[in-house]
Structure formats: C-alpha cells, structure tokens
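A look at the structure
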Amino acid sequence: MDKLGYILLADDNENDLELEQRALVQCRLANEIVVVRDGAEVLDFLHCRGPFSGRTPADPLVVLLDINMPKLNGLEVREEMKRDPQLRLIPVVMLTSSSERPDVEECYRLGANAYVVKQVDFAQFADAVKTIGKFWAVLNELPRVQSRSPVAGT
C-alpha cells in the first residue's frame, strides 16, 4: 500500500464500481483504491487473511461500503468491524442504493461515519463520490493508532 494511505471500495455491482473508481481518479487523489466485491472479502482484506494474507497490514483511510453485497452484507461487515477493537476506528461511509430508513438508522447505530445514497443521475453520483474521496483522503484527520501485524490463525 502507498504511504499516503488507501481507500477500500467494497461493491459487487460492476457498473457502480467503474463509476466510483472513475470519479475517485478524476478528483486526482494520489491514494490507491483497493477494490473488494463482497462482504467476506472486506473482512478477509481487513484481517489480512486468505488471499490477502501477504498484504501490508495498514488500515484504509476510509471504507466505502455498499449494503447489498453477497456473502455478508454491508451491515454485517460494519457490525463485525465495530466489535473488533483494531477495526472499529476505521471510518466507514455507506455508499449504497438503499434509501430505506431502517438501513440508514441501522448503519448509524453500527457506527457508520456517513450514509450516502447512490444517485441515479451519473453526474450527481460522480460528484458525490469525488466529494467523499477528497474529504476522507485529504481533509479528514484520523486518530494515530499503532500499526498492527496480522494475527496468526485469523
């Protein structure tokens, strides 16, 4: 991972992924964008297990997390992150097509830092992703935490 930090983008919709990545690149962030496509992959990545066991164990600057993903949905992923002392401080932005009130309330109950509904309009959606990227990668100050090493057997 780059020393500037990286953004973890979790979405299973290829069209949304392409748009999200393009919008982040357009705002000229120097940060790497790491893509995972389901909830189990998010947790495997964050815990440095399975196919991600060899990665540098640096935490992302922010996780952009879709709710409706296979294996584990975004709510389940966020709940697991909140229970884990090493993951609970990682900022999470729910970037999702769901505007259902119970989803919004549950995400905030689980400690989401923001909830953004994916816009149907391409330009509005791209602008929202750019704003998210700039804020979390450039403007936001994260707490200083000790770097961690992967735990054997996790």
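Before reading further, recall that the structure is shown in the block above.
Described in the following lines is the structure provided in the data block. (Residues numbered from 1 in each chain as written. Predicted model: local features only at pLDDT ≥ 70, side-chain atom pairs only at ≥ 80, totals over all residues. Heavy atoms only, no water.)

**Re the sheet that holds strand β4 (residues 92-96)**
Reading across the sheet, the five strands line up as β2-β1-β3-β4-β5 and stay open at both edges, with parallel pairing between neighbours. Two strands lie at the open edges of the sheet, namely β2 (32-36) and β5 (114-117), each paired on one side alone. Averaged over neighbouring strand pairs, the angle between their axes works out to 20 degrees when direction is ignored. Two elements, β4 and β5, share four bridges in a ladder whose sense is parallel. Within the sheet, the bridge partner assigned to Val93 lies in β5 and is Ala114. Here helix α3 (residues 74-83) sits on the sheet and contacts β3 (62-65) and β4; the angle it forms with β3, its principal contact strand, is near 155 degrees. (Pairing = 2+ DSSP bridges. Helix = DSSP H or I, 4+ residues; strand = E, 2+ residues; numbered from the N terminus. Axes fitted to C-alpha atoms, helices over the stretch in contact; angles between N-to-C directions. Contact = heavy atoms within 4.5 Å.)

**Focus: the packing of aromatic side chains**
With the rule as written, the count across this model stands at three aromatic pairs. Between Phe45 and Phe52, the aromatic rings sit 5.2 Å apart at their centres with planes inclined by 75 degrees, giving edge-to-face as the arrangement. Grouping residues by exposure puts Phe45 and Phe52 together as buried. Ring geometry for Phe135 versus Trp136: centroids 4.9 Å apart, planes at 90 degrees, classification edge-to-face. Judged by its relative accessible area of 11%, Trp136 falls in the buried class. One cation-aromatic arrangement involves Arg55 over Phe45; the distance from NZ or CZ to the ring centre is 4.0 Å. (Phe/Tyr/Trp six-rings, centres within 6.5 Å; stacked < 30°, edge-to-face > 60°. Buried < 20%, exposed > 50% of the residue type's maximum accessible area, 1.4 Å probe, protein only. Lys NZ or Arg CZ within 6 Å of the ring centre and 35° of its normal.)

**Thoughts on the pattern of salt bridges**
For the structure shown, the criterion picks out ten salt bridges. Note that Lys118 and Asp16 form a salt bridge whose closest N and O atoms lie 2.9 Å from each other. You can see Lys118 sitting in the loop between β5 and α5 (122-139) and its partner Asp16 sitting in helix α1 (residues 14-26), a full 102 residues away along the chain. A residue is classified by how much of its surface remains accessible, and Lys118, at 9% relative accessible area, is buried. Residues Glu80 and Arg83 are paired through a salt bridge, measuring 2.8 Å at the closest nitrogen-oxygen approach. (Salt bridge = Lys/Arg side-chain N within 4 Å of Asp/Glu carboxyl O.)

**A closer look at unusual backbone geometry**
At Cys48, a residue that is not glycine, the phi angle is positive and equals roughly 55 degrees. Inspection of the secondary structure assignment puts Cys48 in the loop between α2 (39-46) and β3.

**Describing the environment of Tyr108**
Assignment of secondary structure puts Tyr108 in helix α4 (residues 101-109). The sequence separation of Tyr108 and Glu32 amounts to 76 residues, and the corresponding C-alpha distance is 27 Å. Excluding residues within four positions of it along the chain, Tyr108 makes contact with Asn113, Ala114 and Tyr115. From its side chain, Tyr108 meets the backbone nitrogen of Tyr115 in a polar contact 3.2 Å long. (Polar contact = N/O pair within 3.5 Å; in protein donor to acceptor, adjacent residues only side chain to side chain.)

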